[in-house]
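Per-entry structural report
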Amino acid sequence: LVSKYAGSMKSAVRRMTHLTDQLLAYARGGKYQPVVMPLNTVVERCLAEFQESADPVIRFESHLGKDIPDVVADPVQMQMVLSALIENSKEAPGHVKVITRGQVVSLGAARTTVPPPGRYACLQVEDDGRGMAPETLTRVFEPFFTTKVMGRGLSMAAVYGIDKNHGGWILLDSEAGKG
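Bear in mind that the values here come from a model prediction, so they are computed numbers and not experimental data. (Residues numbered from 1 in each chain as written. Predicted model: local features only at pLDDT ≥ 70, side-chain atom pairs only at ≥ 80, totals over all residues. Heavy atoms only, no water.)

Bringing the overall build of the protein chain into the picture now. A tally of helices and strands in the protein chain yields 5 helices and 5 strands. Listing the helices and strands of the protein chain from first to last along the sequence gives α-β-α-β-β-α-β-β-α-α. Relative to its 179 residues, the protein chain shows a buried fraction of 32%. Sequence separation of 24 or more characterises 75% of the internal contacts of the protein chain that already satisfy a separation of 6 or more. Accessible area for the protein chain stands at about 11200 Å²; split by element, carbon and sulfur atoms hold 56% of it. (Helix = DSSP H or I, 4+ residues; strand = E, 2+ residues; numbered from the N terminus. Buried < 20%, exposed > 50% of the residue type's maximum accessible area, 1.4 Å probe, protein only. Contact = heavy atoms within 4.5 Å. Areas by Shrake-Rupley, 256 points an atom, 1.4 Å probe, with all protein chains shown as cover.)

Written out as C-alpha cells, the structure reads:
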C-alpha cells in the first residue's frame, strides 16, 4: 500500500519541481550556473532520455553539426529548453527532428530581430505536426497561454525567459498544417 502511494507522491513532486523551475526561469529569478559546453552534449543527453520514454509512433531524428561554437549556458536550463521544445513537437505523433549547427549572422540578414553579427550555435527543433495558426504564433511565449485542455501554458514562456537570460535569440516558424 505504501509503495502505491509513494510512486504517486514522487511523480507529483517531480511535476511541482518542474513547474517551479519553469516559473523561476520565466521570472528571471532562476539561479543559473553557466559553464562553457558543447551544445551537442546537451542535445545527445536529452534525446536519449526522450527516445526511451516516447511513444513508439514518434520518430526522432537528429542532425548534429560538427563545427559548432561552444555555448556559455547553464546545462540544466539548456536541457529544460530542449525538453520543452521536444515535448511540444512530440504532441502530434509523427516525426521530430533536432538540428544543431554553427551559424554566421551578418549585417543585412532578413529578419525582424537580428542578433549582432557573429558566429552562433543554433539549435533547431522541427516537427511534422499540425502547425500553428497566426493568432497562436503571436501568443505562444505568453505566460499561461495554452492550446491544450490540461496545459499550464508555462513551458514556452520558460523557454523564452531562459533564452533571453542567456543572451540568446529565438525564432518561431510555423503554419497551420505544416508543423
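An α-helix turns once per 3.6 residues; consequently, residues spaced three or four apart project the same way. Between its first and last C-alpha atoms helix α2 (residues 39-53) spans 22 Å; for 15 residues at 1.5 Å apiece the expected length is 21 Å, and the two agree. Taken residue by residue, α2 has Leu39, Asn40, Val42, Val43, Cys46, Leu47 and Phe50 as its buried positions. With its buried residues spanning 150° around the axis, α2 presents them on a single face. Check the buried side of α2 and you find it contacts β1 (35-37), β2 (59-64), β3 (71-73), α3 (75-89), β4 (95-105) and β5 (118-127). (Expected span 1.5 Å × (residues − 1). Arc of directions from axis to C-beta.)

Formed by 17 residues in total, the largest nonpolar core has its most connected members in Phe60 and Ile86. Listed by contribution, the elements that provide at least two residues to this core are α2, β3, α3 and β4. Broken down by element, this core gets its largest block of residues, 6 residues, from α2. Met80, Val81, Ala158 and Ile162 belong to the second largest nonpolar core, which has 9 residues in total. (Core = buried A, V, L, I, M, F, W, Y, C linked by side-chain atoms within 4.5 Å.)

Here the focus is the sheet that holds β4. Within the open sheet, the 3 strands sit side by side as β2-β4-β5. Their pairing is mixed. Each of the sheet's edge strands pairs with one partner strand only, and the pair in question is β2 and β5. Looking at each pair of strands side by side, their axes are set apart by 15° on average, direction ignored. Pairing analysis gives 10 bridges linking β4 to β5, with the strands arranged antiparallel. Looking at the pairing, Val98 lines up with Val125 of β5. (Pairing = 2+ DSSP bridges. Axes fitted to C-alpha atoms, helices over the stretch in contact; angles between N-to-C directions.)

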